[in-house]
Amino acid sequence: MKSTRRKFLQHTLLGSAGLGLGVASTSDVHAEPLTDAAEPEITQDIDVLVVGGGTAGTIAAIQAGRAGAKVLLVERGSQLGGTMTTGGVAFPGLFDAWGKQIIAGIGWELVKESVELDGGDLPDFAKVPNRHWQNQVYINQFLYAVLAEEKCEKAGVEIAYYEFPQAVIKTDDGWQVDCVGFGTKRRVNCKQIIDCTGGAEVVGMLGFARLREDERQPGSYLYMMGKAHEPGRNQIHRLYVHGADSTNSRTVTHANLTGRKSILAQLRAKGQRLMHMQPETGFRESYRIEGETMITVNDYRSGKKFVDAICHAFYPVDLHTKNGVKPEPLKPGIVPTVPLSALIPKGSRNIIVAGRCVSSDRLANSGLRVQASCMGMGQAAGVAAALAAKSNTTPLDVPLKQIHDMLRTHGAIIPGDV
């Protein structure tokens with residue numbers, strides 16, 4: 001399986017880059033001018049603002065849009081997908097546990113379509129693998145990013161790249177959020193915010209409690225070295241960037257520069273060519289919220305069925321350290337759940353999170369942070385925020401049955417249904 005995984009990554013990451021191939025064709029497309037392109041400052045009224053277009057945020061935005069909400073998705077980078085695309089971790093498992101699929105919905109729809117359009121293979125979830133990674137689903141990261149944009153467009157989601165909130169003010173109806181990008185100032189009046197920044201950055205801006213240890217798991221920088229005329233010998237490499245910190249632009253810059261400097265030194269030392277390099281470090285760990293419920297590692301290991309569970313999670317306890325990683329598999333039959341209240345910052349209203357910043361202790365988070373469970377959280381957050389906006393309430397006050405019913409309508413698997 002390791003050789004199969006390597007071949008997949010070589011195909012996905014490398015393509016024809018660096019092989020000395022000429023330009024096959026040139027084509028043209030015309031971008032219609034934007035009506036407000038000359039305006040340096042714009043104001044808009046929406047229902048749901050999703051901050052962060054990574055694994056969870058993309059799914060949250062699509063779901064909220066499909067639920068009928070007017071949605072704006074703000075992403076400070078240049079594409080959707082986060083860890084799977086910009087970070088290059090293009091194997092977003094795990095969607096199954098113990099012989100059955102336990103996470104589906106919009107995230108699975110997008111992953112499945114990416115694999116099928118790329119001519120790839122999907123694992124047989126009816127077979128319980130010997131090792132957890134054997135049921136990973138491998139995707140083409142570039143295709144995933146553009147398919148995600150297409151699904152946002154069809155759901156009526158507006159995407160704003162290169163922008164990020166600078167200030168958030170509570171209003172009678174929700175929030176006033178001032179976002180800034182180069183040449184753009186955008187004032188957003190919204191009813192609900194979904195914070196999918198990975199480190200709960202909007203939650204932090206609002207002064208709600210966040211948690212983080214002094215030590216963080218290393219980030220990973222994926223790259224490929226090899227020889228241009230011997231593509232079969234090109235190899236994917238993963239560089240651990242210890243001390244990688246995603247707190248702000250300065251710490252992310254530092255992590256990226258540290259990783260690239262090391263990669264350059266290895267190229268020179270080995271006399272090889274750089275065939276591919278992801279644009280930035282993939283981060284495993286950052287701030288987590290202190291939520292209305294805290295998921296502990298004992299909850300995770302025991303597969304606790306929370307009364308307000310909105311999705312499953314499934315992955316070994318998987319803490320990376322300076323000494324490497326020794327995944328701790330879950331016991332047979334155990335399938336953890338994620339409660340809605342773990343997505344709600346303690347004492348807050350009209351804001352919900354999704355993704356690795358879920359309220360959890362460090363060891364529980366090491367299993368919860370993987371992409372499939374983050375997609376499940378994102379879809380649930382999208383439903384809760386859209387329903388809250390429609391009924392002028394806060395996500396935690398939306399009847400759980402309404403959330404479950406809408407999730408089922410959009411293909412999600414609710415704990416207790418399998």
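These figures come from a predicted structure and were not determined experimentally.

In this structure, what is going on with the packing of aromatic side chains? I would like to understand it.
A complete count under the given rule lists six aromatic pairs for this structure. Each ring, one from Phe91 and one from Tyr138, has its centre 6.1 Å from the other, and the planes form 70°; the classification is edge-to-face. Remark: Tyr138 occurs in the loop between α3 (105-117) and α4 (141-154) and Phe91 occurs in the loop between β3 (71-75) and β4 (96-97); sequence separation between them is 47 residues. Classification of Phe91 by relative accessible area gives buried; the value is 12%. Aromatic pair Trp108 and Phe125: ring centres 5.5 Å apart, planes at 50°, arrangement tilted.

I keep staring at the sheet that holds strand β6 (residues 158-161) and nothing clicks. Help me out?
Within a beta sheet, neighbouring strands are joined by backbone hydrogen bonds and run either parallel or antiparallel to one another. If you trace the five strands from one edge of the open sheet to the other, you get β6-β3-β2-β10-β20, paired in parallel fashion. Each edge of the open sheet carries a strand with a single partner, namely β6 and β20 (351-353). Averaged over all adjacent pairs, the angle separating strand axes in this sheet is 20°, with direction ignored. Pairing analysis gives four bridges linking β3 to β6, with the strands arranged parallel.

Is there a simple way to think about unusual backbone geometry in this case?
Most of the time, phi is negative for any residue but glycine, and the peptide bond is trans. The omega angle of the peptide bond from Gly93 to Leu94 is 5°, so this bond is cis rather than trans. Inspection of the secondary structure assignment puts Leu94 in the loop between β3 and β4. Backbone geometry places Trp98, a non-glycine residue, at a positive phi of 55°. Tracing the backbone shows Trp98 in the loop between β4 and β5 (100-101). You will see that Ala200, though not glycine, has its phi angle at about 50°, which is positive. By relative accessible area, Ala200 is classed as buried at 0%.

Mind showing me how you'd approach the layout of surface pockets here?
Leftover empty space is mapped by rolling, across the atoms, a probe with the size of a water molecule. When its volume is computed, the second largest pocket comes out at roughly 400 Å³. Around the second largest pocket, the lining is made up of 13 residues, and of these Leu34, Asp36, Glu158, Glu163 and Arg186 lie nearest the centre. Looking at the lining of the second largest pocket, the elements with two or more residues in it are β6 and β9 (184-190). Each residue belonging to the lining of the second largest pocket can be placed in one class, and the counts come to six nonpolar, two polar and five charged.

Explain the side chain of Gln217 to me, please; I cannot follow it from the model alone.
Tracing the backbone through its elements, the reader meets Gln217 in the loop between β11 (210-211) and β12 (219-226). There is a polar contact of 2.9 Å between the side chain of Gln217 and the backbone nitrogen of His320. Dropping the residues within four chain positions of it, Gln217 is found in contact with Ala244, Arg284, Glu285, Asp318, Leu319, His320, Arg362, Ser366 and Arg369.

How do you make sense of the confidence of the model for the protein when you look at a structure like this?
Close inspection of predicted coordinates is inappropriate for parts of the model with low pLDDT. Put simply, the protein has an average pLDDT of 92, and 93% of its residues get 70 or more. With pLDDT under 50 throughout, residues 1-12 is counted as low confidence; its partners more than four residues away or in other chains account for 26 contacts.

How should the state of the cysteines be read in this particular structure?
Here a disulfide denotes one covalent bond, and it connects the sulfur atoms of two cysteines. Using the criterion set out here, one finds zero disulfides in the structure. With no disulfide partner, Cys357 has as its closest neighbouring cysteine sulfur the one in Cys196, 7.0 Å distant. On the basis of relative accessibility, which here comes to 0%, the residue Cys357 falls in the buried class. There is no disulfide at Cys374, and the cysteine sulfur nearest it, in Cys357, is 8.4 Å away. Overall, the relative accessible area of 4% leaves Cys374 in the buried class.

Any chance you could explain the pairing of strand β8 (residues 175-181) here in plain terms?
Consecutive side chains of a regular strand alternate in pointing toward one face of the sheet and then the other. In terms of residue burial, β8 counts as a mostly covered element, since six of its seven residues are buried. By the bridge criterion, seven bridges tie strand β7 (residues 163-170) to β8 in an arrangement that is antiparallel. Paired with Glu163 across the strands is Gly181, a residue of β8. From the end of β7 to the start of β8, which pair antiparallel, there are four residues, and Gly174 there has a positive phi angle of about 150°. Connecting the antiparallel pair β8 and β9 is a turn made up of two residues, with Gly183 showing a positive phi of about 75°.

When you look at helix α6 (residues 249-270) in this model, what are you seeing that I'm missing?
Because each turn of an α-helix spans 3.6 residues, side chains separated by three or four positions in sequence point in the same direction. End to end, α6 covers 32 Å across 22 residues, agreeing with the expected 32 Å (1.5 Å per residue, within 8%). Of all the residues in α6, the buried ones are Thr251, Val252, Ala255, Asn256, Gly259, Ile263 and Leu267. Seen from one end, α6 has its buried residues packed into an arc of 145°, which puts them on one side. Projecting away from the buried face of α6 at angles above 90 degrees are the exposed residues Arg250, His254, Leu257, Lys261, Arg268 and Ala269. Positioned one or two residues after α6, Gly271 has a phi angle of 65°, which is positive.

Just checking my understanding: could you explain empty space enclosed by the protein for this structure?
Inspection of the entire model under this criterion finds one cavity of 30 Å³ or more. Considered as a void within the structure, the largest cavity measures approximately 70 Å³ in volume. Elements represented by at least two residues in the lining of the largest cavity include exactly β16 (309-312) and α9 (371-391). Here the lining of the largest cavity is composed, by residue class, of eight nonpolar, three polar and no charged.

Would you mind showing me how to read the packing of helix α2 (residues 55-66) against α4 here?
When two helices pack together, you describe them by how their axes are tilted relative to each other and by the distance separating the axes. Where α2 contacts α4, the axes come no closer than 9 Å and their chain directions differ by 20°. The angle between α2 and α4 falls in the class roughly parallel. In this structure, α2 crosses over α4, and the sense of that crossing is left-handed. Between α2 and α4, the contacting residues are Thr58, Ile59, Ile62 and Arg66 on the first element and Tyr144, Ala148, Lys151 and Cys152 on the second.

Would you mind going over the pattern of salt bridges with me for this structure?
Should their charged atoms come close, side chains of opposite charge can pair. Counting across every chain of the model gives 19 salt bridges. Across the salt bridge formed by Asp397 and Arg349, the nearest N and O atoms sit 3.5 Å from each other. Note that Asp397 is positioned in the loop between α9 and α10 (400-409) and Arg349 in the loop between β19 (337-339) and β20, a separation of 48 residues in sequence. Using a relative accessible area of 48% as the deciding quantity, one classes Asp397 as partly exposed.

Scoring rules and cut-offs
- Residues numbered from 1 in each chain as written.
- Predicted model: local features only at pLDDT ≥ 70, side-chain atom pairs only at ≥ 80, totals over all residues.
- Heavy atoms only, no water.
- Phe/Tyr/Trp six-rings, centres within 6.5 Å; stacked < 30°, edge-to-face > 60°.
- Helix = DSSP H or I, 4+ residues; strand = E, 2+ residues; numbered from the N terminus.
- Buried < 20%, exposed > 50% of the residue type's maximum accessible area, 1.4 Å probe, protein only.
- Pairing = 2+ DSSP bridges.
- Axes fitted to C-alpha atoms, helices over the stretch in contact; angles between N-to-C directions.
- 1 Å grid on protein atoms, 1.4 Å probe; cavity = no way out; pocket = protein on both sides within 12 Å on 5 of 7 lines; lining within 4 Å.
- Points joined across faces, edges and corners; volume = space filled by probe spheres on them.
- Nonpolar A, V, L, I, M, F, W, Y, C, P; charged D, E, K, R; others polar.
- Polar contact = N/O pair within 3.5 Å; in protein donor to acceptor, adjacent residues only side chain to side chain.
- Contact = heavy atoms within 4.5 Å.
- pLDDT = per-residue confidence, 0-100.
- Disulfide = S-S within 2.5 Å.
- Expected span 1.5 Å × (residues − 1).
- Arc of directions from axis to C-beta.
- Parallel < 35°, antiparallel > 145°, perpendicular 65-115°, else oblique.
- Left-handed = near helix turned anticlockwise from the far one by under 90°.
- Salt bridge = Lys/Arg side-chain N within 4 Å of Asp/Glu carboxyl O.

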